[in-house]
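Secondary and tertiary structure notes
Each chain is listed here by its residues.
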Amino acid sequence: MTREAGILLPVSSLPGPYGIGCFSRYARQFVDWLAEAGQSCWQILPLGPTGYGDSPYQSFSTFAGNPYFIDLETLAEEGALTRQECEKAEFGTDPERIDYGKVYTARYALLRTAFARQPGREDPEFRRFREDNRWWLEDYALFMAVKGRFGGRAWTEWDPEIRLREQDAVERARRHLAEEIAFQTWLQYHFRRQWDALRQYANEKGIRIIGDIPIYVAMDSADVWANPELFQLDAQGVPTAVAGCPPDGFSATGQLWGNPLYRWEYHRDTGYCWWLDRLGHCFRLYDVVRIDHFRGFDEYYAIPYGAETAAGGHWRQGPGMDLFRAMEGRLGRCPVIAEDLGYVTDSVRQLVRDSGFPGMKVLQFAFDSRDTGCAADYLPHNYEENCVAYTGTHDNETAAGWLKGIPQSEHRMVREYLCDYYTPAEELYRPFTAMALRSKAALCVIPLQDYLGLDNECRLNQPSTVGKNWRWRVREDQLSEALRQEIEAQTRRYGRARNG
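Described below are features of the structure shown in this document.

Conventions and cut-offs
- Residues numbered from 1 in each chain as written.
- Predicted model: local features only at pLDDT ≥ 70, side-chain atom pairs only at ≥ 80, totals over all residues.
- Heavy atoms only, no water.
- Helix = DSSP H or I, 4+ residues; strand = E, 2+ residues; numbered from the N terminus.
- Rg over C-alpha atoms; globule rule 2.2 N^0.38 Å.
- Buried < 20%, exposed > 50% of the residue type's maximum accessible area, 1.4 Å probe, protein only.
- Contact = heavy atoms within 4.5 Å.
- Areas by Shrake-Rupley, 256 points an atom, 1.4 Å probe, with all protein chains shown as cover.
- 1 Å grid on protein atoms, 1.4 Å probe; cavity = no way out; pocket = protein on both sides within 12 Å on 5 of 7 lines; lining within 4 Å.
- Points joined across faces, edges and corners; volume = space filled by probe spheres on them.
- Nonpolar A, V, L, I, M, F, W, Y, C, P; charged D, E, K, R; others polar.
- Salt bridge = Lys/Arg side-chain N within 4 Å of Asp/Glu carboxyl O.
- Phe/Tyr/Trp six-rings, centres within 6.5 Å; stacked < 30°, edge-to-face > 60°.
- Lys NZ or Arg CZ within 6 Å of the ring centre and 35° of its normal.
- Core = buried A, V, L, I, M, F, W, Y, C linked by side-chain atoms within 4.5 Å.
- Pairing = 2+ DSSP bridges.

This brings us to the overall build of the protein chain. If you tally the helices and strands in the protein chain, you get 19 helices and 12 strands. Rg of the C-alpha trace for the protein chain: 23 Å, near the compact-globule value of 23 Å for 500 residues, within the 12% margin. Taking all 500 residues of the protein chain together, the buried fraction comes to 58%. Sequence separation of at least 24 residues holds for 74% of the intrachain contacts in the protein chain that already meet a minimum separation of 6. Summing over all exposed atoms, the protein chain offers an accessible surface of approximately 20800 Å²; the carbon and sulfur share of this is 48%.

Printed below as a string of structure tokens:
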């Protein structure tokens, strides 16, 4: 296998003037920076539209894109906006933190202005996009329009006739909300054309995009509202059980995610049609797809709906290799990364082996005293070639923050494994990152914060918390020539540089 390296940075974390990272010139500059640093991959987080909590893992659609990422400067160049309108809008004042409230208000106002000037109805490219994506786009655009009509409330709180998609109510909504439906469709068109252009630019520079999809979809999504038969719901659309994780050394009550669970027997009987549509859509957007919570395909944890914690759940059988054989039958052999973290059983390990997909190795987990018996799996000398090595993921502390906060016993374990007793504590993130790069893993992906040596103020997400996550942004000056040279030198030193 070819040794490669990449960097993890969400699109939202890119620099730029309008409150949140997007498909802008700054994104193309970052691609250039990656290529010049010898990288092969840019790993991002899910690109779906987000709601309360701003989590990319709780999206209004597994197929739609987040309108926040539409580049306003591109719309200005096309005559739909003016630069003065963009510069006058209030997006927040901190270049290192996203103010989602201000971004929502300012960006949607500008996007509605642009739509009013250029609705695109006569554009043949727009019509082609609408036809090619009708199979998901119509339901999504209607869902968002009705959600707006109900003040943003979850679909489970809508009036019964539209909540349960009675035919007359759906047809009436399509007529009365036609203009809003057109706007939502226009947003998806511009999202896709800008994203496709950015991905093409990256590919031409030799950079592959690693996308990310959650195994589950959000309860408040077009996916569940439009396709209730796919999920474990009762006749009124109420879940009978929801997703989560059992209690472990990290949480005494487990994790209660609340996502609806799949009705896997229905998916099997339909040849996994919806899942194959979903995966096929992902491979049209990305070059490689990381599937979050891969162990849920082996067994999934079901928690009774209404439970206050995850403690009362139990394991049920997932589809296993049956789904991935169907995927290969329709889509061919696809590049997938299996997120096989957490409580991993022998049957999960076997599923990853049978699939042939590379699993994930997170270096921080190798030195965790709360380990449930698998810490040795994450020590670099135990890595197999067919895996992806990380210092940490979007859910972990930054390397510098983690090294600063771990107990002295764990800090000593890191020092002993590195055979490094002299590097100052505040610089230890450097040899720690290098340890992942020199591992046997075919691909090594490092969060940008770990190259920058940033502390936990720049952490992306702290699971089971709301209100402070997904906000960090890198400053343009942090993507310096000195850092690029340092990364390129390390990448080359450990045989991972794209240009040899």
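Now that the structure has been shown, the text picks up again.
With that out of the way, let us pick up empty space enclosed by the protein. Applying the stated criterion to the full structure yields four cavities of 30 Å³ or more. Here the largest cavity is characterised by a volume of approximately 240 Å³. In terms of lining, the largest cavity is formed by 28 residues, of which the most central are G48, S61, T62, F63 and A64. In terms of residue count, helix α12 (residues 273–285) provides more of the lining of the largest cavity than any other element does, four residues in total. For the lining of the largest cavity, the class distribution of residues is 16 nonpolar, eight polar and four charged. Of the pockets and cavities examined, the second largest cavity occupies roughly 150 Å³. Around the second largest cavity, the lining comprises 16 residues; the ones closest to its centre are S12, P46, P56, F69 and Y100.

A full pass over the atoms with the stated rule returns 31 salt bridges. One salt bridge connects R25 with E73, and the closest N-O pair in it is separated by 3.0 Å. Of this pair, R25 sits in helix α1 (residues 25–36) while E73 sits in helix α2 (residues 72–77), and the two are 48 residues apart along the sequence. With a shortest N-O distance of 4.0 Å, E457 and R97 are connected by a salt bridge. Residue E457 is located in the loop between α18 (448–452) and α19 (481–493), and its partner R97 is located in the loop between α3 (83–88) and α4 (100–117); the two are separated by 360 residues in the primary sequence. You can call R97 partly exposed: its relative accessible area is 28%. What emerges from the salt-bridge pattern is a single network uniting R25, E73, E77 and R83.

Looking now at the side chain of H267. Summarising the element assignment, H267 is placed in helix α11 (residues 264–269). Given a relative accessible area of 0%, H267 falls into the buried group. Sequence-distant contacts of H267, that is, excluding residues within four places in its chain, are made with L230, Y262, Y272, W274 and W275.

As a further point, take the packing of aromatic side chains. If you walk through the whole model with that rule in mind, you get 47 aromatic pairs. Between F143 and W158, the aromatic rings sit 5.5 Å apart at their centres with planes inclined by 45 degrees, giving tilted as the arrangement. Highlighted residues: F143 in helix α6 (residues 134–149) and W158 in the loop between α6 and α7 (160–163), separated in sequence by 15 residues. With a centroid separation of 5.5 Å and an interplanar angle of 70 degrees, the aromatic rings of F294 and F297 are classed as edge-to-face. The exposure classification of F294 matches that of F297, with both residues buried. It is K361 that lies over the ring of Y378; its NZ or CZ is 5.7 Å from the centre.

To continue, consider the layout of surface pockets. Quantified by volume, the second largest pocket comes out at close to 530 Å³. T50, F60, Y68, Y104 and Y108 are the residues nearest the centre of the second largest pocket, which is lined by 24 residues in total. Counting only elements with at least two residues in the lining of the second largest pocket, the list comes to α4, α6 and α9 (178–204). No other element matches the five residues that α4 contributes to the lining of the second largest pocket.

A few words now on the nonpolar core. Ranked by size, the top nonpolar core spans 166 residues in total, and within it W42, W195, W275 and F297 carry the most contacts. A per-element tally of this core places α9 first, with 10 residues. Not counting chain neighbours up to four residues away, the residues in contact with F297 comprise I215, W264, W275, I291, G318, P319, G320, L323, F324 and L351.

What follows deals with the pairing of strand β7 (residues 299–304). Two strands pair when backbone bridges link them, and strand β4 (residues 241–245) and β7 are joined in this way by three bridges, in the antiparallel orientation. Bridging across to β7, A241 finds its partner in P304. Here β7 pairs with strand β8 (residues 314–317) via four bridges, running antiparallel. Residue pairing across strands places E299 opposite Q317, the latter belonging to β8.

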